[in-house]
Amino acid sequence: MSFPTFVIIVLIILLVLVLAGGALFLYIYWWRMQRPAPKLDGKMSMPGLDRPVEVVRDKHGVPHIFAETEADLYRALGFVHAQDRFWQMEQARRTAQGRLAEIFGAAALDADRFCRIVGLWRAAEADDGALDDETRAMLEWYTAGVNAYMAAHPGRLSAEHNLLRVPAEPWRVIDTLGAAKVLSWSQSGNWQAELTRLLLTQQLDAYTAADLEPDYPAETPIILEGVGSAEQVRMLSAAGLLLNQYEDVRRWLGGESTGQGSNSWVLSPKHSLNRRPLLCADPHLTAQLPAVVYEVHLSGPDTEVSGMTYPGMPGVFIGHNTQAAWGLANALADTQDLFVERAHPEDPFTFAFGDAWEAAQVIEEKIAVRRAELHVERIVVTRHGPLINSFVRRSVGGANRALESTPISLRWAGHTAGTVLAAVLKLNRADDWEAFTAALAEWSSPPQNVTYADARGNIGYMLAGRIPRRSTNLGLVPAPGWDPTYAWEGWIPAAELPRVYNPPSGIIVAANNKMAGDDYPHFLGMEFDPGWRAARIEQMLGEKERFTVRDMEEMQQDNGSLLAKAFTPWFTLLYSEDPWEKVAIQALRKWNWRMDSDSAAGLIFHYLMANLLELTFGDKLGQARDGYFARTGTPLFVNHPFKLRAETRLLQIIGEHDNSYWYADAAAGRQRDRHELLQEALARSMKSIRRVYGDSMLRWAWGKAHQVRFTHPLGSARLVGGFFNRSPLPIGGDATTPNQTSAPFGLPPALVQTIPVYRQIFEVGTWDRAQSVIAGGQSGHPLSRLYDDQIMMWREGVYHPMPWSRDAVMNVAAYRLLLEPEG
């Protein structure tokens, strides 16, 4: 073969490879990923409509839906949810069903086992049986809209369906209920706290374990106290309350072993420059793509509402109607209890209760696993709930004989048939305080702190949700399931839950902090946020008499940490001859305790805190360490109820004791005093910072360690992963700032997991001046401009208008789609 012929052959081969690569790229890019992008302009036929529906979108893709009938309004909402977020809806229902392994393979099997054992789908089936006629009709209208879009776009529902070759099953009413159960579970977590405390009783004596519980800080607010009601009685000693509970655990378990968040606040007219109430809300959920939430404006004959929805569910969860506005913040009330069951010696599926034995329900769940054998999960459900032993070991981070051999069941308020979606739909139409409280009386799970304001100038707050009424059992540690005195005694009546209307102060702040003092007659829980965010918000609200929308923007984005303000003086008292330690001490002395992304002192502070926590608690807690530091081992759900408990308790110990058991070096058997402990934390921190970030202080910035990555389940896939994820961005804030951006405990700091996924600000009554932003974009299609167009706005504190009147909507219109009935 001659050389020219050889060259020609090589060129032909290269050309063929290039063409083949290009064809593959086009196949993946266009056919698999771009083709599902929905039509936002023009006309489209939609089966099932009674009358034409107009969907007007702004430049961010936020739909304003105008319908002539209520049925068409909810059909169109289902349609646009499916247009933009059907993959997200698919993932939510598969999570509830425990069917993720069908598409993701063995990597998702533990997640499926978890959801099947907990029984999210069984709980959804219970809710289905409790639907009233009106709510079921609305859900059926919504479902019809989802299915109408699916029927009109076979093979074009989402890039994820195409790439994973997932068959699209019709949407059902129960799928919506399942998605709601996933949301509810993600905002509940007391069972992890109970397991952590159980491990603490095995690692430590009862008095030492109880000493780890922080008292609710005296400098942080209680919701009802902060609004000017009668002085609340505070818990004088959390340790005292827990001590008897810990001793009970040891008595009946036996053995003596060694060793999610949100902000919402409201101001009355007297605190507003324009003499109208101001209401703000920003739920704190997982950083992900597609964005967790979806904005919409619904306009129909009986429903006029605008705000934040969850894909897969009808109704606006946070927003406003013609007369009233509301915000939600997770109440963190205790709605989960663990029970240690006593099995019959001859029948492992029969358990004691009182003087009798009761047979448990045994369910065998078959879990399909992609490219693997079918997995069969045996689930045992007692009178209290499912036995969770098979996943307890993973949740607490290692083998533990007591937890593996002792039957432990989980009772959750969400297992009982609930009516949360009925409450949401009634809330959307509530035009005064009476209708508002009546709607929330039907709210079941998860419990929420709900703020309220109306165009008449009234403001209010109400705790909504089903919270168990307890007597003997406070739900802090696992209880003996065979003893009827530990059983729940129904629910706290809605009329007896904390609430306030037009408080004298004219200010209500809810930031996952404690709702009521300990003179409140019912036990609500102990896993509340320590209140650092709430205290900072109240501090800013005390700085002047009247506020504007611009002030509210600054407050939602505030990076001030009162925990840092309280802790930093202890570090500034240190002295060192080491030049780098001197630099660190000087930076802290000049610091304004703001966790801004360019703050060197913010980086130094977090390294100091992490090392101090390890030196104080980390070497003494054994298997309870991760739980006490709020690290969760459960799949899918990242929040842990012990968040900030260790930091808050550490501040209390440091402030109260020159010497403490906790200051000791357990490994070396050496006692340290407070000064030696702080000095050692400083030395360790500066060595770590210099090793990771270099010797120049110009390179020390909190944002270099504290970053958020917006991730997608397919973000780690080869070839296509880059289309789905968005690169890490430096951000300010931390778990204690109003701009909450929290990451798991550890060094170097991990990626941020929890962020304000949505921000809204209302000057109540002037609805055309409403503004909001979401952390992501409206679209769930990764190649759409609307997939991530709000990320930089969110990061930089920019909002978009959320117009209300028809004229204002048309002024921002960028897309107009007319949905027409068939025929």
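Each value, and the rule that gives it
Residues numbered from 1 in each chain as written. Predicted model: local features only at pLDDT ≥ 70, side-chain atom pairs only at ≥ 80, totals over all residues. Heavy atoms only, no water. Helix = DSSP H or I, 4+ residues; strand = E, 2+ residues; numbered from the N terminus. Buried < 20%, exposed > 50% of the residue type's maximum accessible area, 1.4 Å probe, protein only. Areas by Shrake-Rupley, 256 points an atom, 1.4 Å probe, with all protein chains shown as cover. Pairing = 2+ DSSP bridges. Axes fitted to C-alpha atoms, helices over the stretch in contact; angles between N-to-C directions. Contact = heavy atoms within 4.5 Å. Phe/Tyr/Trp six-rings, centres within 6.5 Å; stacked < 30°, edge-to-face > 60°. Lys NZ or Arg CZ within 6 Å of the ring centre and 35° of its normal. Parallel < 35°, antiparallel > 145°, perpendicular 65-115°, else oblique. Left-handed = near helix turned anticlockwise from the far one by under 90°. Nonpolar A, V, L, I, M, F, W, Y, C, P; charged D, E, K, R; others polar.

### Considering the overall build of the protein chain
Regarding its fold elements, the protein chain presents 28 helices and 28 strands. Burial statistics for the protein chain: of 823 residues in total, 61% are counted as buried. When the accessible surface of the protein chain is split by element, carbon and sulfur atoms take 53% of a total near 30100 Å².

### Section: the sheet that holds strand E20 (residues 499-501)
Read from one edge to the other, the open sheet built from eleven strands follows the order E1-E28-E2-E3-E6-E7-E8-E9-E17-E18-E20, with strand pairing classed as mixed. The sheet is open, and its two edges are formed by strand E1 (42-45) and E20, each paired on a single side. Across the sheet, the mean angle from the axis of one strand to that of its neighbour is 15 degrees, orientation sign disregarded. Here three bridges tie strand E18 (residues 459-464) to E20, and the two strands are oriented antiparallel to one another. Bridge pairing in E20 links Gly460 to Tyr501. Where helix H16 (residues 433-440) meets the sheet, it contacts strand E9 (324-330), strand E17 (448-454), E18 and E20, and its direction lies at approximately 10 degrees from that of E18.

### Some remarks on the environment of Pro170
Residue placement: Pro170 occurs in the loop between helix H7 (159-164) and helix H8 (173-186). Those residues in contact with Pro170, other than ones at most four positions away along the chain, are Arg93, Asn147, Met150 and Asp175.

### Comments concerning the sheet that holds strand E10 (residues 336-340)
Sheet strands pair via backbone hydrogen bonds, and the direction of the pair is either parallel or antiparallel. Reading across the sheet, the three strands line up as E16-E10-E19 and stay open at both edges, with mixed pairing between neighbours. Each edge of the open sheet carries a strand with a single partner, namely strand E16 (408-412) and strand E19 (479-480). With five bridges joining them, E10 and E16 adopt antiparallel strand pairing. Residue pairing in the sheet places Val340 in a bridge with Ile408 of E16.

### With respect to the packing of aromatic side chains
Overall, the coordinates contain 24 aromatic pairs when judged by the stated rule. With a centroid separation of 6.3 Å and an interplanar angle of 70 degrees, the aromatic rings of Phe86 and Trp171 are classed as edge-to-face. One end of the pair, Phe86, is in helix H2 (residues 70-97); the other, Trp171, is in the loop between H7 and H8, with 85 residues separating them in the sequence. Accessibility classification places Phe86 together with Trp171 in one group, the buried group. When the ring of Phe710 is compared with that of Trp794, the centres are 5.8 Å apart and the planes differ by 85 degrees; the resulting orientation is edge-to-face. On the criterion of sequence distance, the pair formed by Phe710 in strand E22 (residues 707-710) and Trp794 in helix H27 (residues 791-796) is long-range, its members being 84 residues apart. We note that Phe710, like Trp794, is buried. What links up through ring pairs into an aromatic cluster is the set Phe617, Tyr628, Phe629, Tyr661, Trp662 and Phe745. The ring centre of Phe353 lies 3.7 Å from the NZ or CZ of Arg383, which sits over that ring.

### Quick word on the packing of helix H19 (residues 562-572) against helix H20 (residues 579-589)
Where H19 meets H20, the closest approach of the two axes is 9 Å, and the angle between their N-to-C directions is 140 degrees. Judged on the interaxial angle alone, H20 and H19 are oblique. The handedness of the crossing between H19 and H20 is left-handed. Residue-level contacts link Thr568, Phe571 and Thr572 of H19 to Ile585, Leu588 and Arg589 of H20. Tallied by class, the residues present in the contact of H19 with H20 amount to three nonpolar, two polar and one charged.

Interpretation in functional terms is not warranted from these geometric data alone.
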